[in-house]
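# Architecture and fold: a report
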Amino acid sequence: MKKIRFVMIGGFLGAGKTTTIARLAKTYQEQGLNVGIVTNDQAEGLVDTHSLRSQGFSVGEVAGACFCCNFNELTEVTRQLSEEQQPDVVIAEPVGSCTDLVATVVQPLLQLHADRFEVAPYGVILKPSHGLRILRAQANAGFSPQAAYIFEKQLEEADFIIVNRIDQLAAEEIEELVKLIEERCPGVPVLRMSALTGAGFEGLLELLDQQGNFGRRILELDYDIYAAGEAELGWLNASVRINSSDSLELDALLLQLISGLRDALETQLAETAHLKIIGLWEGYYGVANLVSRDSEPQLSLASECQTEQADLIINARVACAPEDLEKLVRAHVAEICQQAGASAEFLQCESFRPGRPVPTHRLTANS
């Protein structure tokens, strides 16, 4: 039986994993390969899943726990993709607040499922906006030391590290990030890349195509600190139906929603790890993102849609109490839609703090 090439791209919330994976999947398809994608979250209803499916990709979802805590579901979803799509490559996107993935995902695949998978080097995308603050050890890095601990540990276990969004950074910022990474993770290759424009993308393909003794950087990890860092983040997943008597420009509404929520969160001094909204209607889709308190909202995918009705999916990951996050999102979505002459009906809304990670397996390279 032909083995599936398993590619996992990690990185903190808002690092650009989904944009990278979409470009990677498209490139592999252009090479004649069948590609499956597996997304992951602590709850159901992912912007990422809908966004990738809307782009025509075959996507399975592991919901309710991270890959490490739901390893059997990861292999089962991959099996289902294999039966239905017969992929040559499966690309996996882990939860952005997870780490220890080498010991809990890569090594279990290598040791327990070597007959099914050929595992690629594990790459981690660095998020520049929070990365500069955390690696500089700034007093106001945006998150607690416990959450910053997760960010740093993600880098430590990587086979290679990607400095993403170079199209949005000054040359001196890029060089400072690379220097800080090299000091923190000596000997680990660092790639400069823009997932949005494609700059440096050939280098990612070359790194992922490598064969060798990868996936060996097993972390020394304090799970108490790890759990505290994850619990700092309030998570919200919601679906909303928008109705208007007049035609709405969907992309403009998405940006108004993201901008309004950013301003509301700023007044609460709540650090945004990632905020995503996808708008969908009759084959049209648009995606807006916010990746930190001091970044500008972006329309990462344009729908170019005029409509009187649309469905929204909102994923928010913010350093605040989940009940406060839900109250704020409900109030400001309703207010912003009313200002646009529309009504907002929340069809589903779930807010929570992630629980303590309990991996299915935790294997070292010598297990």
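## Overview of the pairing of strand 11 (residues 284-290)
Of all 7 residues in strand 11, 5 are buried; the element is thus mostly enclosed. Sheet topology note: the strand 10 (residues 272-281)/strand 11 ladder contains 7 bridges and is antiparallel. Paired with Leu275 across the bridge in strand 11 is Leu290. With 3 bridges joining them, strand 11 and strand 12 (residues 298-301) adopt antiparallel strand pairing. Its bridge partner lying in strand 12, Val287 is registered against Leu301.

## Some thoughts on the sheet that holds strand 11
One open sheet holds the 6 strands; their spatial order is 12-11-10-13-9-14, and the pairing between them is antiparallel. Among the strands making up the open sheet, the edge pair consists of strand 12 and strand 14 (342-352). Taking the axes of each pair of neighbouring strands and ignoring which way they run, one obtains an average angle of 20 degrees across the sheet. The pairing of strand 10 with strand 13 (residues 306-318) spans 8 bridges and is antiparallel. Within strand 13, the position partnered with Ile277 by the bridge is Ile314.

## Topic: the nonpolar core
Counting residues in hydrophobic clusters, the biggest one holds 61 residues, and the most contacted among them are Phe6 and Met8. Among the elements that make up this core, the one with the highest residue count is helix 6 (residues 145-156) (6 residues). Setting aside residues no more than four positions away along its own chain, Met8 makes contact with Phe67, Ala92, Pro94, Leu101, Val105, Val106, Tyr122 and Gly123. Core analysis: the next-biggest nonpolar cluster, separate from the first, contains 34 residues, Leu253, Ala316, Cys320 and Phe346 among them.

## Observations concerning the pairing of strand 7 (residues 160-163)
Alternating positions in strand 7 separate into two faces, Phe160 and Ile162 on one and Ile161 and Val163 on the other, with burial throughout. In this structure, strand 7 lies alongside strand 8 (residues 190-192), joined through 3 bridges in parallel fashion. If you follow Val163 over to strand 8, its bridge partner there is Arg192. At this point the chain moves from strand 7, through helix 7 (residues 171-184), to the parallel strand 8, and the crossover so formed is right-handed.

About the cut-offs
- Residues numbered from 1 in each chain as written.
- Predicted model: local features only at pLDDT ≥ 70, side-chain atom pairs only at ≥ 80, totals over all residues.
- Heavy atoms only, no water.
- Buried < 20%, exposed > 50% of the residue type's maximum accessible area, 1.4 Å probe, protein only.
- Helix = DSSP H or I, 4+ residues; strand = E, 2+ residues; numbered from the N terminus.
- Pairing = 2+ DSSP bridges.
- Axes fitted to C-alpha atoms, helices over the stretch in contact; angles between N-to-C directions.
- Core = buried A, V, L, I, M, F, W, Y, C linked by side-chain atoms within 4.5 Å.
- Contact = heavy atoms within 4.5 Å.
- Right-handed = clockwise from strand over helix to strand, strands pointing away.

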